[in-house]
Amino acid sequence: MRILHVTFGIAPFDTGGLPSYVKDLTMQEMHKDNEVIILKPGPYKLYKAAKIILKGENTYQLINPLPVPSIFGIGNPNDYMKTCNKDIYKNFLIEIKPDVIHVHSIMGIHKEFFEVAKQLNIEMIYTTHDYFGLCFRTNFIDRDNKGCNQCDIEKCSRCNYKAGLSKSKTYVMQSNVYKRIKNLVIIKRIRKRLRKSTLEVGNISMDSIKTEKSSINLYLELHKYYMDIYSLIDYFHFNSYIAKEVFKENLGELKGKVIPLTLNTIQDCRNNENKLNKNKDITIGYIGRKEHYKGVQLLVNSLKILEKKDIKFKCNLYGDDFSDDYGLSNKIVNKGNYARKDLKKIMNDIDILVVPSIWKETFGFITLEALSCNVPVIVTNCVGSKMLLESCKVNPIVEPNEIKLAQKIEEFIEDKVKLQKYKEWIQRMDNVFDMEEHTDQILKMYKERIR
């Protein structure tokens, strides 16, 4: 089978769950004697016309793509609706002759690509890694840090006011030079300042923003642009039931199936020694970024409730610079960023992982990482990977509410027998970590669609 994967990035050059998943899935597919081709947005060049070039053995880059906004929002809709010559995509698809196109992101790719693939009757399958196109900020969390369910164009136009990266910053971040130097210390510092300034712009209250009718019309046009793209997708691979619900709310009934994700790096280590030490204080862990929608402040507020009750605990925060004063004396430890190779050691140092997301997270690999190390997880009911925990009788799923989260954490701190039972349940649960088995499910899905 010849499989074309469309993605905004692939590991190790690009970071995050999506690029890692694309790398692992494509490697497994090639291992199973399939031909794999990758198309991704590339850098911008001085000439304006888009074109596709071969960059590596099986990877193609789209030169002069549409911008890739990530979670920063869209400040100028016109930049995201530019047209291109359909022959660029038509000639490419005729040349590589894919049996199926697996789309992981529509970021950076012109609508013409999807129109041409439809005209050529090539099956297109889309994996719901995020909500880009349904939400211009990808996560249905507005700039007031409140959740949305569906697109409301007037609200979206205010939500994206002064948002997004400038054209020059977009050009730099898409460049090949940036991909090579982005892990240098000085570049990380610049990126951290950029992220901070973007978050500060995002903190402008929507109540203080007035949007011109012309601007609202532009966002309406952009919304239609993305709805047209999604209407061309033949089949949806939902990575959770939450993702399925959100896409259904915005697009109506869709053909597709739910298949949870995994990664090659997530190995089944549940048989390793990881027993609960009943004589020490419970260590709570959080692994992720500090953006509000990830829920770290929700976790901190819950821990403040426990501290007032004089409940003994320690909390380690990993994955960002958590040097803020959270007002919890010495109970919170800022562990900062971590290397992938250290993740299993981190899991051994915590007794309960909390995934306190307040956005409707499409999956959440960190839940799977913890379970693979026999670490109990408390998740909010916004986390897609909660589907893996729904049969657990100790009920580790809570609403994203600081009082209820505090009660759930307290429940496990005060009842270590219950916590031990949770660990024993993890030992017995099905192996949901095997990337090879996951790949077989994806390949089966392809074959069912292209008969």
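Treat the numbers as computed from the prediction; the structure is a model and nothing was measured. (Residues numbered from 1 in each chain as written. Predicted model: local features only at pLDDT ≥ 70, side-chain atom pairs only at ≥ 80, totals over all residues. Heavy atoms only, no water.)

Draft legend 1. Structural view of the pairing of strand 13 (residues 377-380). Residue alternation in strand 13 divides its side chains into two sets, Val 377 and Val 379 and Ile 378 and Thr 380, and both sets are buried. You can see the chain leave strand 12 (residues 352-355), run along helix 12 (residues 365-372) and come back into strand 13, and the turn it takes is right-handed. The pairing of strand 13 with strand 14 (residues 397-398) spans two bridges and is classified as parallel. The residue of strand 14 that forms the bridge with Val 379 is Ile 397. (Buried < 20%, exposed > 50% of the residue type's maximum accessible area, 1.4 Å probe, protein only. Helix = DSSP H or I, 4+ residues; strand = E, 2+ residues; numbered from the N terminus. Right-handed = clockwise from strand over helix to strand, strands pointing away. Pairing = 2+ DSSP bridges.)

Draft legend 2. Region of the structure containing empty space enclosed by the protein. Within the structure shown, the criterion is met by two cavities of 30 Å³ or more. Reported here for the largest cavity is a volume of approximately 110 Å³. For the largest cavity, the lining is made up of 14 residues, of which Cys 135, Asp 142, Cys 148, Cys 156 and Cys 159 are closest to its centre. A breakdown of the residues in the lining of the largest cavity according to their chemical character gives eight nonpolar, two polar and four charged. For the second largest cavity, the full set of lining residues is Leu 66, Pro 67, Tyr 80, Ile 106, Met 107, Gly 108, Ile 109, Phe 132, Tyr 225 and Tyr 226. (1 Å grid on protein atoms, 1.4 Å probe; cavity = no way out; pocket = protein on both sides within 12 Å on 5 of 7 lines; lining within 4 Å. Points joined across faces, edges and corners; volume = space filled by probe spheres on them. Nonpolar A, V, L, I, M, F, W, Y, C, P; charged D, E, K, R; others polar.)

Draft legend 3. Representation of the state of the cysteines within the structure. Under the definition given, this model contains zero disulfides. A disulfide-free cysteine, Cys 159 has its sulfur positioned 6.3 Å from the sulfur of Cys 148, the nearest such atom. Judged by relative accessible area, Cys 159 falls into the buried class, the value being 7%. (Disulfide = S-S within 2.5 Å.)

Draft legend 4. Spatial organisation of the environment of Leu 120. With respect to the secondary-structure elements, Leu 120 resides in the loop between helix 3 (111-119) and strand 6 (123-127). Using a relative accessible area of 32% as the deciding quantity, one classes Leu 120 as partly exposed. Note: C-alpha distance between Leu 120 and Ile 94 (26 residues apart in sequence) is 8.5 Å. Once you skip the residues sitting within four places of it in the chain, Leu 120 turns out to touch Leu 93 and Ile 94. (Contact = heavy atoms within 4.5 Å.)

Draft legend 5. Focus on the sheet that holds strand 5 (residues 100-103). Spatial strand order, 3-4-2-1-5-6-7-8: eight strands in an open sheet with mixed pairing. In the strand order of this sheet, the two ends are held by strand 3 (51-54) and strand 8 (256-258), each with one partner. Neighbour-to-neighbour, the strand axes of this sheet turn through a mean angle of 20 degrees, independent of strand direction. Bridge count between strand 1 (residues 2-6) and strand 2 (residues 35-41): five bridges; the pairing is parallel. Considered in strand 2, the bridge of Val 6 is made with Leu 39. Contacting strand 1, strand 5, strand 6, strand 7 (235-238) and strand 8, helix 15 (residues 435-449) runs over the sheet at an angle of about 165 degrees to strand 7. (Axes fitted to C-alpha atoms, helices over the stretch in contact; angles between N-to-C directions.)

Draft legend 6. Quick peek at the sheet that holds strand 9 (residues 282-287). Ordered by their spatial adjacency, six strands build an open sheet running 11-10-9-12-13-14, and the pairing between neighbours is parallel. One side of each edge strand has no neighbouring strand; the edge strands of this open sheet are strand 11 (332-336) and strand 14. Sheet analysis places strand 12 next to strand 13, joined by three bridges and oriented parallel. Directly across from Leu 353, in strand 13, lies its bridge partner Val 377. Here helix 13 (residues 402-414) sits on the sheet and contacts strand 9, strand 10 (313-318), strand 12, strand 13 and strand 14; the angle it forms with strand 13, its principal contact strand, is near 165 degrees.

Draft legend 7. How the structure looks around the packing of helix 2 (residues 86-96) against helix 3. Contact geometry for helix 2 and helix 3: axes closest at 9 Å, N-to-C directions at 45 degrees. Here helix 3 runs oblique to helix 2, going by the angle between their axes. The two elements helix 2 and helix 3 meet at a crossing, and its hand is right-handed. Counted together, Lys 86, Tyr 89, Lys 90 and Leu 93 of helix 2 and Glu 112, Phe 113, Glu 115, Val 116, Ala 117 and Gln 119 of helix 3 form the full contact between these two elements. Partitioned by chemical class, the residues of the contact of helix 2 with helix 3 number five nonpolar, one polar and four charged. (Parallel < 35°, antiparallel > 145°, perpendicular 65-115°, else oblique. Left-handed = near helix turned anticlockwise from the far one by under 90°.)

Draft legend 8. Region of the structure containing helix 12. Extensive coverage of helix 12 is indicated by the burial of eight of its eight residues. For helix 12, every residue scored as buried is listed here: Phe 365, Ile 366, Thr 367, Leu 368, Glu 369, Ala 370, Leu 371 and Ser 372. On its buried side, helix 12 packs onto helix 1 (17-31), strand 9, helix 11 (343-348), strand 12, strand 13 and helix 14 (416-428). Note on helix 12: the residue one or two positions beyond its end, Asn 374, has a positive phi of about 65 degrees.

Draft legend 9. Representation of the pairing of strand 9 in the model. Of all six residues that make up strand 9, six are buried, and the element is covered over most of its length. On strand 9, burial covers both faces: Ile 282, Ile 284 and Tyr 286 on one face and Thr 283, Gly 285 and Ile 287 on the other are all buried. Pairing analysis gives six bridges linking strand 9 to strand 10, with the strands arranged parallel. Along strand 10, the bridge assignment pairs Ile 282 with Phe 313. What joins strand 9 to strand 10 is helix 10 (residues 296-308), and the crossover it makes is right-handed.

Draft legend 10. Representation of the pattern of salt bridges in the model. Inspection of every chain in the model, using the stated rule, returns 22 salt bridges. The salt bridge partner of Asp 228 is Lys 224, with a shortest N-O separation of 3.0 Å. Taken together, the residues span about one helical turn, with Asp 228 and Lys 224 both in helix 8 (residues 213-232) at a distance of four residues. Take Lys 224: its relative accessible area is 51%, and that puts it in the exposed class. We note a salt bridge from Asp 268 to Arg 270, for which the minimum N-O separation is 2.8 Å. Arg 270 gets classed as buried once you look at its relative accessible area, which sits at 6%. (Salt bridge = Lys/Arg side-chain N within 4 Å of Asp/Glu carboxyl O.)

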